[in-house]
Amino acid sequence: MNQYDLNLILNPNLSAEQLQIEKDYIDTTLRNAGAEVTNLDDVGNRRLAYAVGKDREGYYLMYTIRAGGNPEKDIAATLRLRDNVRRILVVKDRPEWKTKKA
């Protein structure tokens, strides 16, 4: 199993109940794809560099997951169908990116 970073930007105008529904759906999708969540960084509302769907802000969720197969295809394709998901980025974590070069 490889480690991946899954970054999501959600609609910033969600109520607390709607936000919890989205988080539960994301967790269910990850479990169904065979992924294991190792870390969740719930950043909250942040300003975007450019407007996405007439919104200048977005609600950021940054997951660290362990998954086999192709999560870029499996997980991202399922989550893109949600109306409140604005952007998805799945990046494979590579240990050599974290080492300093002399």
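For the structure itself, consult the block above.
Reading the values: rules and limits
- Residues numbered from 1 in each chain as written.
- Predicted model: local features only at pLDDT ≥ 70, side-chain atom pairs only at ≥ 80, totals over all residues.
- Heavy atoms only, no water.
- Salt bridge = Lys/Arg side-chain N within 4 Å of Asp/Glu carboxyl O.
- Helix = DSSP H or I, 4+ residues; strand = E, 2+ residues; numbered from the N terminus.
- Buried < 20%, exposed > 50% of the residue type's maximum accessible area, 1.4 Å probe, protein only.
- Pairing = 2+ DSSP bridges.
- Axes fitted to C-alpha atoms, helices over the stretch in contact; angles between N-to-C directions.
- Contact = heavy atoms within 4.5 Å.
- Core = buried A, V, L, I, M, F, W, Y, C linked by side-chain atoms within 4.5 Å.

A.B. asks: How would you explain the pattern of salt bridges if you had to name every residue and give the values?
C.D. replies: Counting across every chain of the model gives three salt bridges. With a closest N to O distance of 2.5 Å, D42 and K23 form a salt bridge. One end of the pair, D42, is in strand β2 (residues 36–52); the other, K23, is in helix α1 (residues 16–32), with 19 residues separating them in the sequence. On the accessibility criterion, D42 (33% relative accessible area) is partly exposed. By relative accessible area, K23 is classed as buried at 15%. A salt bridge links R86 to D55, with the shortest nitrogen-to-oxygen separation between them at 3.1 Å. A residue pair is termed long-range when its members are at least 10 positions apart, and R86 in strand β4 (residues 85–92) and D55 in strand β3 (residues 55–67) qualify at 31 residues. With relative accessibility at 24%, the residue R86 sits in the partly exposed group.

A.B. asks: Which residues make up the sheet that holds β2, and what values go with them?
C.D. replies: Read across the sheet, four strands follow the order β2-β3-β1-β4 without closing on themselves; strand pairing throughout is antiparallel. Only two strands of the sheet have a single neighbouring strand rather than two, namely β2 and β4. Across the sheet, the mean angle separating the axes of adjacent strands is 20° when strand polarity is ignored. Bridging between β2 and β3 involves 11 bridges; their strand directions are antiparallel. Bridge pairing in β3 links V52 to D55. Contacting β1 (2–10), β2, β3 and β4, α1 crosses the sheet at an angle of about 30° to β3. Contacts between helix α2 (residues 71–79) and the sheet are confined to β1, β3 and β4, with β4 contributing the most and set at about 170° to the helix.

A.B. asks: Hey, could you go over the nonpolar core for me, with residue numbers and the actual values?
C.D. replies: Core analysis: the biggest nonpolar cluster contains 20 residues, and L6, L8, L30, Y63 and I88 have the highest contact counts within it. Mapped onto this core, the elements with two or more residues apiece are β1, α1, β3, α2 and β4. It is β3 that contributes the most residues to this core, five residues altogether. Apart from residues lying up to four places away in sequence, Y63 is in contact with Y4, D5, L6, L8, K23, I26, D27, L30, V37, N39 and L40.

A.B. asks: Hey, could you go over the environment of R46 for me, with residue numbers and the actual values?
C.D. replies: As for its placement among the helices and strands, R46 is situated in strand β2. Assessed through its relative accessible area of 47%, R46 is described here as partly exposed. With 11 residues separating them in the primary sequence, R46 and A35 have C-alpha atoms 27 Å apart. Sequence-distant contacts of R46, that is, excluding residues within four places in its chain, are made with R56, E57, G58 and Y60.

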